[in-house]
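Chains, contacts and geometry: an overview
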Amino acid sequence: MRLDRPSGVALPAAGAAALVAGSLSPWATFAGFPGKMSLGGFPGGARLFCLLLVAGSALFVVDTGGRRRAALAAALGAVAVVGLNLVALVDQGGGLGGPAWGAWLSLAGAGLLAAGAWRLPAGRAAAPDDWPARPASVEVAAVAVGLLALLGAVVWGLAINESSRFVSFLVFVGFTCAALHHLGLFTWLTVLFARRQRMAVALGGAAAVAFPFTQQGNAYWIRVFASIGVFAVAAIGLNVVVGLAGLLDLGYVAFFGVGAYVGALLANASLTTVHVHVPFLAVVLLGGCVAAVFGLVIGAPTLRLRGDYLAIVTLGFGEIFRITANNWDGLTRGPNGISGVPDLAAGGFNFGAAHSLFGVTLPGFANYYFVELALIAAAIVVFTRLNDSRIGRAWVAIREDEVAAAASGIDTIRLKLLAFAIGAFMAGCAGTVNAHLTTQVSPDSYTFLESILLVAAVVLGGMGTVPGALLGSTALFVLPEKLRSFQDKRLLLFGAALVLLMRFRPEGLVPSRRRRREFRDDAPAPAP
């Protein structure tokens, strides 16, 4: 890695200087825009993201692998951030008089920066030699820094209350990740995580445990992430059915509902039809087992069905469960559902009460968050062991070509039933915890839309991977929450984001090695 010759860097250097000057100048002619954008002298609001992207685009003076694409990604990120804020300023300011001169200067600087990055010589792509092997202590430190950066980015994003500024933050993070990807940093980290897997898992668990301590006693996002934990366990279970076995299940939320009703009925709730209290650990296992039985019930009649026909049958099963729960007054209390489900308790410890740990007061939802972490850890162990086993490879063979798998001696009937049962078991266990987290269970919580969200979490995150299920679940919960101020437009923005992701990243955000090879093999060959 060395500095490049000064020739050819005048244009991007001028753009960077203009962007820095514009980011320190006013962007709005009126008060009230998020980030005090009507004031100059400091990079408030989205202007900070532009300054950080300038630092990334400074790669045009460094001769390293992938620098052209990385610098271009950072420059285009600055263009996108400035452009989005200009649109918002014009909309809220009543016309072109809304943006101040600093916004126009920043747009011009970002454009010059992108043009200069585009004119850079193509150079070589990032190679493994750019990130050579390091001592064990250095590699573990790199893994720790990467996880700490991830935790910091999550906390920073959650602390942004304004939706328009949060959209700018997402753009900044997306283009920054693209720049780092072109530099080969993510490839190197992937190798490090695989090489130091045990230490990476331990550090990742420590980062997850540390999250509630970053919220300064605020229960809102801890509550949201506790719900994400429940959703993620169900998504990991669906990943067994869809991601490994290739069985499209559109009624999967019914298994989640079965577990929730089992947990609510056996918790001695205030408004219920069964006044019995069973220890929670027994209820979790019982809810999972009952859901697994339902999984076998729905799996047995559909053994000869594939593709769209299987999806239609499972969709029908999901609707049958919801309608039955809505009309069975003697057990489920019909549309009123079961309410007043008490908080979990273990001995004298009440999971719904606030507690102090290491001098930090944590709200009751933090206790449920830690319970969900334990449940996620168990689900990850089960999924990983299955994926690496003969059963997992047989499921993949069935997913790719069931006829060929059967001709190879694989018992497709038994393995498909096993996939349905294991996926349903995980969903049932998650549902029992969710009943205590929400303190009520009703049929309206288990509609077809919930099944679609679970499938979307698996597909968008990356089928067949645990990080994909976790990332997809987090995105599907956090993004709608952060875009609430857009009201009706948030669904449009959310849908557009999903379409773009499927267009440019069809294998998912975190694809498995198998899926990555499939999409690489299916890609059209370059024209001669």
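Residues numbered from 1 in each chain as written. Predicted model: local features only at pLDDT ≥ 70, side-chain atom pairs only at ≥ 80, totals over all residues. Heavy atoms only, no water.

For the rest of this paragraph, the subject is the overall build of the protein chain. A count of helices and strands for the protein chain gives 21 helices and eight strands. Residues classed as buried in the protein chain amount to 44% of the 528 residues present. For the protein chain, the share of sequence-separated contacts (at least 6 apart) that also reach a separation of at least 24 residues comes to 75%. Accessible surface for the protein chain amounts to roughly 25000 Å². Of this, 67% is attributable to carbon and sulfur atoms. (Helix = DSSP H or I, 4+ residues; strand = E, 2+ residues; numbered from the N terminus. Buried < 20%, exposed > 50% of the residue type's maximum accessible area, 1.4 Å probe, protein only. Contact = heavy atoms within 4.5 Å. Areas by Shrake-Rupley, 256 points an atom, 1.4 Å probe, with all protein chains shown as cover.)

Let's shift gears to helix H7 (residues 185-195). Among the residues of H7, Leu-185, Trp-188, Leu-189 and Leu-192 are the ones counted as buried. In an axial view of H7, the angular spread of the buried residues amounts to 100°, which keeps them on one side of the axis. Pointing more than 90 degrees away from the buried face of H7 are the exposed residues Thr-190 and Ala-194. Looking at the buried residues of H7, the elements they touch are helix H5 (136-159) and helix H6 (163-182). (Arc of directions from axis to C-beta.)

Moving on: the packing of helix H18 (residues 448-461) against helix H19 (residues 466-482). Relative orientation and spacing of two packed helices are given, respectively, by the angle between their axes and the distance between those axes. Contact pair H18 / H19: the axes reach a minimum separation of 7 Å and the direction vectors enclose 125°. What the angle tells us is that H18 and H19 run oblique. H19 is crossed by H18, and the crossing has right-handed handedness. Where H18 approaches H19, its residues Leu-453, Ala-456, Ala-457, Leu-460 and Gly-461 are matched on the opposing element by Gly-468, Ala-469, Gly-472, Ser-473 and Leu-476. (Axes fitted to C-alpha atoms, helices over the stretch in contact; angles between N-to-C directions. Parallel < 35°, antiparallel > 145°, perpendicular 65-115°, else oblique. Left-handed = near helix turned anticlockwise from the far one by under 90°.)

Let's shift gears to the nonpolar core. What tends to happen in soluble globular proteins is that the nonpolar side chains get buried as a cluster. Membership of the largest hydrophobic core comes to 89 residues, with the highest contact counts inside it found for Phe-225, Leu-238, Phe-255, Phe-256, Trp-395 and Tyr-446. Broken down by element, this core gets its largest block of residues, 18 residues, from helix H9 (residues 219-244). Here Leu-238 is in contact with Gly-243, Asp-249, Tyr-252, Leu-454, Val-455 and Val-458, once residues within four sequence places are set aside. Leu-53, Val-54, Phe-166 and Val-171 belong to the second-largest nonpolar core, a separate cluster that totals 30 residues. (Core = buried A, V, L, I, M, F, W, Y, C linked by side-chain atoms within 4.5 Å.)

Looking at where Gly-56 falls in the secondary structure, it is placed in helix H2 (residues 47-57). For the pair formed by Gly-56 and Leu-180, sequence separation is 124 residues and the distance between their alpha carbons is 9.0 Å.

This part is about the side chain of Glu-402. When you line up the elements, Glu-402 lands in helix H16 (residues 402-407). Residue classification places Glu-402 among the buried positions, given a relative accessible area of 15%. Other than its neighbours up to four places away in sequence, Glu-402 contacts Leu-303, Arg-306, Ala-397, Thr-412 and Lys-416.

Enumeration over the complete set of coordinates arrives at 20 aromatic pairs. Their ring planes at 55° and their centres at 6.2 Å tell us that Phe-256 and Tyr-446 sit as a pair that is tilted. Placement of Phe-256 in helix H10 (residues 253-265) and of Tyr-446 in the loop between strand S8 (440-441) and H18 is noted, with a sequence separation of 190 residues between them. Of the aromatic side chains, those joined through ring pairs into one cluster are Phe-49, Trp-156, Phe-166, Phe-169 and Phe-172. Over the aromatic face of Phe-42 sits the side chain of Arg-47, whose NZ or CZ is 5.1 Å from the ring centroid. (Phe/Tyr/Trp six-rings, centres within 6.5 Å; stacked < 30°, edge-to-face > 60°. Lys NZ or Arg CZ within 6 Å of the ring centre and 35° of its normal.)

A few words on the environment of Ala-345. Along the chain, Ala-345 turns up in strand S4 (residues 345-346). Residue class for Ala-345 comes out exposed when judged on its relative accessible area of 56%. Residues Ala-345 and Pro-279, spaced 66 residues apart in sequence, show a C-alpha to C-alpha distance of 9.0 Å.

Attention now goes to unusual backbone geometry. Positive phi is not limited to glycine here, since Lys-36 has a value of about 50°. Relative to the assigned elements, Lys-36 resides in the loop between helix H1 (10-23) and H2. For Thr-439, which is not a glycine, the phi torsion comes out positive at approximately 65°. Within the element layout of this structure, Thr-439 appears in the loop between helix H17 (412-438) and S8.

Before going further, it helps to examine the side chain of Lys-416. Mapped onto the elements of the fold, Lys-416 is located in helix H17. Apart from the residues within four sequence positions on either side, Lys-416 is in contact with Leu-247, Thr-302, Leu-303, Leu-305, Ile-398 and Glu-402.

To continue, consider the pattern of salt bridges. For the coordinates displayed, the defined rule picks out seven salt bridges. Of the charged contacts in the structure, one is a salt bridge between Arg-414 and Asp-411, with a shortest N-O distance of 3.7 Å. Look at the salt bridges and you will find they share partners, linking Glu-139, Arg-195 and Arg-196 into a network. (Salt bridge = Lys/Arg side-chain N within 4 Å of Asp/Glu carboxyl O.)

Among the surface-exposed residues, Phe-448, Leu-449 and Ile-452 lie close enough to one another that they form a single nonpolar patch of about 250 Å² accessible area. Residue position: Phe-448 is located in helix H18. (Patch = residues over 30% accessible without salt bridge, like charges linked within 9 Å, V, L, I, M, F, W, Y side chains within 5 Å.)

Per-residue confidence for the protein chain gives a mean pLDDT of 84, with 90% of residues at or over 70. Scored below 50 in pLDDT, residues 1-7 shows 13 contacts in the model against residues more than four places distant or in partner chains. For residues 524-528, every residue scores under 50 in pLDDT, and the model assigns this stretch zero contacts once sequence neighbours within four places are set aside. (pLDDT = per-residue confidence, 0-100.)

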